[in-house]
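# Chain and residue survey
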Amino acid sequence: MSKNGLRKNSAMPRGAYKKYGFMCWRHVFSGESLKTGKSKTFFIEFFVMNPARSPHEPVFGQLYEQKIKKYYPSYIMVKAGAWGKNGSQIHEFYPTDDLQYERRRLNLTLNALHISEDTLSGSVFMREHDVLMHPEYMSDAGSMSWDLSLQKSLPYSFNEVNWHMQGIKTEYKGRVIYNDEEYIVKPETSFGYADKFWGRDFTSPFMYVASSNMISDITRRQLLNSAFAIGGGCSKKTGACNLPFYTAIFYYEGLCYDFGLTAVRKKSRVTFTFREGSEDLHWLICAENAKYLLDVDIYCRKEDTLFMNYESPAGNKYHNRLWSCGNGTGEIKFFQKGGKKLELIESAHIENTFCEYGEYDMLDFI
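Described in the following lines is the structure provided in the data block. Within each chain, residues carry numbers counting from 1 in the order of the written sequence. At least 70 in pLDDT is required for a residue's local features to be given in this predicted model, at least 80 for side-chain atom pairs to be given and counted, and no such filter applies to totals for whole chains, interfaces and linings, which use all residues. Think of the side-chain values as coming from all heavy atoms in the structure, minus any hydrogens and water.

Bringing the environment of Asn225 into the picture now. Helix numbers and strand numbers start at the N terminus; a helix is a DSSP run of H or I with at least 4 residues, a strand a run of E with at least 2. Looking at the element boundaries, Asn225 is found in the loop between strand E14 (213–216) and strand E15 (227–235). The contact partners of Asn225, leaving out residues within four places of it in the chain, are Leu154, Tyr251, Tyr252, Glu253 and Gly254. We call two residues in contact whenever any of their non-hydrogen atoms come within 4.5 Å of each other.

Shown next as structure tokens:
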């Protein structure tokens, strides 16, 4: 990764973001149960909210006093959990003053939790009693601990949006204990993804799709140096996350194909459709630039999803149906343009896809 990318990944909230903004480092990967041998996909997020407002104790935004705008939320939230059967999201909160960090490289320490460019360790725990008594925690009951090393590859950084993908393809190694069951995480089957995003609010719609587990329909071989990430971003010019600008990056066997930010680059276009069925969710994306076209078609079973819980820096929780899945499957097709014809470069089956979609609950605006 470039020095500029490393600096961007380590940067903390500054300026107006210290009192009105959020920042999140996110990791997604798979592990195999020691007990059953079955695979499960996990997520770990390190979420900094309005750090300068209440540095000495966490303040939550879903309380009555916040509803009348007496306080704004301020905390560090560690979110961890898993999708699929017995899936859950588990939150722990800390004062922002407890965080120790370096300015020039990612090296965050918060009590027993640690995040760097090549290591990830920590734990979360939430009791059922606390979930019932404190809905402002937005958490499920459960526990998860992790001790991992990681190797990031295929990075990408945008200049126009508040989204930095330091590891579109990331290999994780180590172990996870999720609700008392141990999982082994292997580099070759972790199919990991790591990024960072920040802003003053979330987008509506809010959309991410990413995977590094692709098997070619042409050669029947796994594409070991390929990955993609597609998402909506925040406009740095406005400083707000309220415009649905879609971007797409595709690494095909080590070569990067950039479909850019559609609102800035006139020769790029990303169109996106989300469909909710009775049993499945469906993401359809078409990205193209002057020379190439990329089609991505992903399905995820509803029973494998979670509704992810976040609140905005203003304390509003507009995303009450933010679908999230780590087990999406589908296909990807990659074409080169030649006049009015398209030449197929690759067609591949996709698994272990991380995908999210949500829109603001408009009833909250009435």
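From this point, the discussion proceeds with the structure in view.
Let's shift gears to the state of the cysteines. The criterion for a disulfide is a pair of cysteine sulfur atoms lying within 2.5 Å. This structure, assessed with the given rule, holds one disulfide. The side chain of Cys300 participates in a disulfide bridge whose partner is Cys325; the two sulfur atoms lie 1.8 Å from each other. The disulfide joining Cys300 to Cys325 has a torsion of about 75° about its S-S bond and is therefore right-handed. With Cys300 in strand E20 (residues 292–301) and Cys325 in strand E22 (residues 323–338), this residue pair connects regions lying 25 residues apart in the sequence. Across this residue pair, the class does not change: Cys300 and Cys325 are buried. Free of any disulfide, Cys256 has its nearest neighbouring cysteine sulfur in Cys286, separated by 18 Å. With relative accessibility at 34%, the residue Cys256 sits in the partly exposed group. Each residue is assigned to one of three classes by its accessible area relative to the maximum for its type, calculated with a 1.4 Å probe on protein chains only: buried under 20%, partly exposed between the two thresholds, exposed over 50%.

This paragraph deals with the packing of aromatic side chains. Under the pairing criterion, centres of Phe, Tyr and Trp rings, with the six-membered ring standing for Trp, must be within 6.5 Å; the plane angle then separates stacked pairs below 30 degrees from edge-to-face pairs above 60, leaving the rest tilted. Under the definition given, this model contains 37 aromatic pairs. Taken together, a centroid distance of 4.8 Å and an interplanar angle of 55° make the contact between Phe43 and Trp83 tilted. Taken as a pair, Phe43 in strand E2 (residues 39–49) and Trp83 in the loop between strand E3 (75–82) and strand E4 (88–94) lie far apart in primary sequence, 40 residues in all. Phe43 gets classed as buried once you look at its relative accessible area, which sits at 1%. Judged by centre distance (4.8 Å) and plane angle (90°), the ring pair of Phe60 and Phe93 falls under edge-to-face. Of the two residues, Phe60 sits in the loop between E2 and helix H2 (64–67) while Phe93 sits in strand E4, which places them 33 residues apart along the sequence. Looking at Phe93, the relative accessible area reads 15%, which means it is buried.

Bridge analysis of strand E5 (residues 107–110) against strand E6 (residues 113–116) gives four bridges, and the strand direction is antiparallel. When the bridges of E6 are listed, Leu108 appears paired with Ile115. By definition, two strands form a pair when at least two bridges between them are found by DSSP.

Working definition of a nonpolar core: buried Ala, Val, Leu, Ile, Met, Phe, Trp, Tyr and Cys residues. They are joined through side-chain atoms within 4.5 Å. Counting residues in hydrophobic clusters, the biggest one holds 73 residues, and the most contacted among them are Phe46, Met144, Trp146, Leu148, Trp163, Met165 and Val176. A total of seven residues in this core trace back to one element, the largest contributor, which is E2. Filtering out sequence-adjacent residues up to four positions away, Trp146 remains in contact with Ile44, Val78, Ala80, Leu113, Leu120, Ser121, Gly122, Ser123, Val124, Arg175 and Val176. If you look at the next biggest cluster of nonpolar residues, it comprises 32 residues, including Tyr252, Phe272, Leu294 and Cys300.

Here the focus is the environment of Leu255. Looking at where Leu255 falls in the secondary structure, it is placed in strand E17 (residues 255–258). In sequence terms Leu255 and Leu154 are 101 residues apart; their C-alpha atoms lie 9.0 Å from each other.

Each cavity reported here is a set of points on a 1 Å grid over the protein atoms alone in which a 1.4 Å probe fits but cannot get out, each pocket an open set with protein on both sides within 12 Å along at least five of seven lines, and each lining residue one with an atom within 4 Å of a point. Grid points are joined across faces, edges and corners, and a volume is the space filled by probe spheres set on the points. For the coordinates displayed, the defined rule picks out three cavities of 30 Å³ or more. Around the second largest cavity, the lining residues are Val28, Ile168, Phe191, Gly192, Tyr193, Ala210, Ser211, Ser212, Asn352 and Phe354. Looking at the lining of the second largest cavity, the elements that each hand over two or more residues are strand E12 (192–199), strand E13 (206–211) and strand E23 (341–358). Throughout, the ten residues Ala, Val, Leu, Ile, Met, Phe, Trp, Tyr, Cys and Pro are labelled nonpolar, Asp, Glu, Lys and Arg are labelled charged, and all others, Gly among them, are labelled polar. In terms of residue class, the lining of the second largest cavity is built from six nonpolar, four polar and no charged.

The next thing to look at is the pattern of salt bridges. The salt bridge criterion pairs a side-chain nitrogen of Lys or Arg with a carboxyl oxygen of Asp or Glu, the two atoms within 4 Å. Counted according to the given criterion, the structure contains 13 salt bridges. Among the ionic pairs, Lys186 bridges to Glu32, the shortest N-O distance being 3.6 Å. Here Lys186 is found in the loop between strand E11 (181–185) and helix H4 (187–190), whereas its partner Glu32 is found in strand E1 (residues 22–33), with 154 residues between them in sequence. Accessibility expressed as a relative area gives 33% for Lys186, which makes it partly exposed. Given a relative accessible area of 26%, Glu32 falls into the partly exposed group. Linking Arg301 and Asp304 is a salt bridge whose minimum nitrogen-to-oxygen distance equals 2.9 Å. Classification of Asp304 as buried rests on a relative accessible area of 9%.

Our next topic: unusual backbone geometry. Cis geometry marks the peptide bond from Ser204 to Pro205; its omega dihedral reads 5°. Within the element layout of this structure, Pro205 appears in the loop between E12 and E13. Despite not being glycine, Asn50 has its phi angle at roughly 40°, a positive value. If you trace the backbone, Asn50 turns up in the loop between E2 and H2. Phi is positive for Asn352, which is not a glycine, with a value near 50°. With a relative accessible area of 18%, Asn352 lands in the buried category.

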